[in-house]
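Coordinate inspection notes
Listed below are the residues making up each chain.
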Amino acid sequence: LVACSGKLVLLDKLLPRLREQGHRVLLFSQFKIMLDILEDYLIGRAYCYGRIDGNITGDKRQQQIDSFQTEGSKLFVMLLSTKAGGVGIN
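The paragraphs below set out a description of the structure included in this document. Just so we're clear, the structure is a prediction, and the values are computed from it rather than from any experiment.

The rules behind these values
- All chains use their own residue numbering, which begins from 1 and follows the written sequence.
- Note on the predicted model: pLDDT of at least 70 is required for a residue's local features to be given, and 80 or more for side-chain atom pairs to be given and counted; whole-chain, interface and lining totals, by contrast, use all residues.
- Where side-chain values are given, they derive from all heavy atoms of the structure, hydrogens and water being excluded.
- By definition, a salt bridge exists where a carboxyl oxygen of Asp or Glu is found within 4 Å of a side-chain nitrogen of Lys or Arg.
- Secondary structure elements follow DSSP: runs of H or I no shorter than four residues count as helices, runs of E no shorter than two count as strands, and numbering proceeds from the N terminus.
- Burial classes: relative accessible area under 20% of the type maximum marks a residue as buried, over 50% as exposed, and values in between as partly exposed (1.4 Å probe, protein chains only).
- A pair of Phe, Tyr and Trp rings is counted when the ring centres sit within 6.5 Å of each other, with Trp represented by its six-membered ring. The angle between the planes then sorts it: under 30 degrees is stacked, over 60 is edge-to-face, the rest tilted.
- Here, over-ring charges are defined by two tests on the NZ atom of lysine or the CZ atom of arginine: distance to the ring centre within 6 Å, and angle to the ring normal within 35 degrees.

Under the defined criterion, the tally for this structure stands at four salt bridges. Notably, a salt bridge pairs D12 with R45, separated by 2.8 Å at the nearest N-O pair. Linking D12 in helix α1 (residues 6-20) with R45 in the loop between α2 (32-44) and β2 (49-52), this pair joins segments that are 33 residues apart in sequence. For R45, a relative accessible area of 38% gives the class partly exposed. Of the charged contacts in the structure, one is a salt bridge between R51 and D36, with a shortest N-O distance of 2.8 Å. A residue pair is termed long-range when its members are at least 10 positions apart, and R51 in strand β2 and D36 in helix α2 qualify at 15 residues. Residue R51 is classed as buried on the basis of its relative accessible area, which comes to 11%. Within the structure, one salt-bridge network assembled from shared partners comprises D36, E39, R51 and D53.

Scanning all chains against the criterion turns up one aromatic pair. Residues Y47 and F76 carry aromatic rings whose centres are separated by 5.3 Å and whose planes lie at 40° to one another, so their mutual orientation is tilted. Within this pair, whereas Y47 is found in the loop between α2 and β2, its partner F76 is found in the loop between α3 (58-69) and β3 (77-81), the two being separated by 29 residues in sequence. Assigned by exposure class, Y47 and F76 land together as buried. Across the ring face of F76, the terminal group of R19 is positioned such that the distance to the ring centre comes to 5.5 Å. Sitting over the face of the ring of F68, R24 holds its NZ or CZ atom 4.7 Å from the ring centroid.

The following block contains the structure:
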């Protein structure tokens, strides 16, 4: 999967460094299918992640946000669709 995409090759190099430095990552995409691919990648690399897209509503959306923002959260990456990302997520 990674070798087939230059962007995933770069992401594969960046994420370990960011994790080592204590950063967390927001990944935005306009396309849900791209979020699906990124989700497969994150599962393959055993990264803890959350996802907010057009199918996530109300309470679940807030739970994902709260979980990501909590001090000491295990979530390292949050996948966001640009449509969902523009609805009250700062």
